[in-house]
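The primary structure of each chain is shown beneath.
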Amino acid sequence: MMRGSLLPRCSNSIFPPPPNSNRLRPPFLKRLPAPTAASSGAQSRLTFSQNYRTAPNRLRSSVSESQWKQDREMATGDEQQDPRIAGISSAIRVIPNFPKPGIMFQDITTMLLDTKAFKDTIDLFVERYRDKNISVVAGVEARGFIFGPPIALAIGAKFVPMRKPNKLPGEVISEEYSLEYGTDKMEMHVGAVEAGERALVIDDLIATGGTLCAAVKLLERVGVNVVECACVIELLGLKGRERLGDRPLFVLVNAT
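Thresholds, definitions, all that
Throughout this document, residue positions are counted from 1 along each chain, in the order its sequence is written. Thresholds applied to this predicted model are a pLDDT of at least 70 for local features of residues and 80 or more for the giving and counting of side-chain atom pairs; totals over whole chains, interfaces and linings are not thresholded and use all residues. Values reported for side chains reflect all heavy atoms of the structure, with hydrogen atoms and water molecules removed beforehand. UniProt positions are given in the numbering used here, feature names are shortened, and annotations may be inferred rather than shown by experiment. Every helix listed is a DSSP run of H or I at least four residues long, and every strand listed is a run of E at least two residues long, numbered separately from the N terminus. The span one expects for a helix is its residue count, reduced by one, times 1.5 Å. A simple rule labels every residue: compare its accessible area, found with a 1.4 Å probe on the protein chains alone, to the largest value its type can have, and call it buried under 20%, exposed over 50%, or partly exposed in between. All axes here are fitted lines through C-alpha atoms, helices being fitted over the stretch that makes contact, and every angle between N-to-C directions spans 0 to 180 degrees. Orientation categories follow fixed angle ranges, with anything under 35 degrees roughly parallel, anything over 145 roughly antiparallel, 65 to 115 roughly perpendicular, and all other angles oblique. Whether a crossing is left-handed or right-handed is set by the direction in which the near helix is turned from the far one by less than a right angle, anticlockwise for left-handed and clockwise for right-handed. In what follows, residue pairs with any heavy atoms lying within 4.5 Å of each other are defined as contacts. For every residue, the predictor states its confidence as a pLDDT score lying anywhere from 0 to 100. We call two strands paired when DSSP finds no fewer than two bridges between them.

Looking at an unreviewed UniProt entry, one finds the protein named adenine phosphoribosyltransferase, with Salix udensis as its source organism. Check the Subcellular location (unreviewed entry) section of the UniProt entry for the protein; it says "Cytoplasm". As stated in UniProt under Subunit (unreviewed entry), the record for the protein gives "Homodimer."

This is the structure in structure tokens:
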């Protein structure tokens, strides 16, 4: 699965670059096969895109005019492609026929092993959201827990985990969503967020969009303004973006 986007180039980083990063990189990482456009007869393509949606008009009444315009500009911006995105894309390994035949699995674990690519991913999101008055970063289980906390810390927001059923110990509010066969639920602790807060929803990948949409609906039900959804990868063929409707979505890498 994958995702794509264009981001403003920024020379400042939220974290200092690791010293002697080449020596710090695990030696076994260098032996991992680089993602290819074709592997074992199957094909997968990594691209970059400018797929932005405008901020939903129905949320306009809950924010100031100036803030609404700022969000709209963020969602519709036509930025130059940031050179860091190519490095992130090349660090994501594509594994064909996993977990079942016909699936091109987008493996972010190789990107997490690459300290520069991982750091660039966090930096790009932080540079986009640090001045957007966001007080909540909601991470979707499970890989949203990897990217959400460092982003939240860097922009001064709290991190709220959005979990599958029976994983949170306290009182929860839940949202049901449909799967190919059956249904599932997304849950959040009662009291984790307050009405009027501004939230970013983060996950590693958007495919059909079911879990991401459920997380957004949970937040909106308690009066939270979801500024944007953000993912590292978008799997274009499954049209998850369409399921989100007019909710803005920002991604780094597209996969087809």
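From this point, things continue past the structure.
(A) Representation of helix α7 (residues 210–221) within the structure. Between its first and last C-alpha atoms α7 spans 16 Å; for 12 residues at 1.5 Å apiece the expected length is 16 Å, and the two agree. For α7, the buried fraction is high: nine of the 12 residues fall into the buried class. Buried within α7 we find Gly210, Leu212, Cys213, Ala214, Ala215, Val216, Leu218, Leu219 and Glu220. Looking one or two residues past α7, Gly223 carries a phi angle of roughly 90°, positive in sign.

(B) Representation of the packing of helix α3 (residues 84–91) against helix α5 (residues 115–129) in the model. It is the contact of α3 with α5, at a shortest axis distance of 9 Å, that shows an interaxial angle of 130°. One element, α3, and the other, α5, form an angle in the oblique class. Considering how the two elements wind past one another, α3 and α5 form a crossing that is left-handed. Contact with α3, carried on its side by Arg84, Ile85, Gly87, Ile88 and Ala91, involves Ala117, Asp120, Thr121, Asp123, Leu124 and Glu127 of α5 and no other residues of that element.

(C) Spotlight on unusual backbone geometry. Here Phe98 and Pro99 are connected by a cis peptide whose omega angle stands at 5°. Note on placement: Pro99 falls in the loop between β5 (93–96) and β6 (104–107). Following Glu141, the chain continues into Ala142 via a peptide bond in cis, with omega recorded as 0°. Counting through the fold element by element, Ala142 comes out in the loop between β7 (136–140) and α6 (144–155). Notably, Asn97 is not glycine yet its phi reads approximately 60°, a positive angle.

(D) Up close: the confidence of the model for the protein. When pLDDT is averaged along the protein, the result is 80; 69% of the residues meet or exceed 70. Long-range and interchain partners of residues 1–16, a stretch whose pLDDT sits below 50, account for 92 contacts in this model, where long-range means more than four residues apart. The low-confidence segment residues 75–79, where pLDDT is below 50, has 17 contacts with residues more than four positions distant or belonging to other chains.

(E) Spotlight on the pairing of strand β9 (residues 172–178). Across the two faces of β9 the burial differs, with Ile173, Glu175 and Tyr177 buried and Val172, Ser174, Glu176 and Ser178 not buried at all. Pairing of β9 with strand β10 (residues 183–189), which is carried by seven bridges, proceeds in the antiparallel orientation. Counted as the bridge partner of Glu176 is Lys185 from β10. Here β9 hands over to β10 after four residues, with Gly182 in that stretch at a positive phi of 100°.

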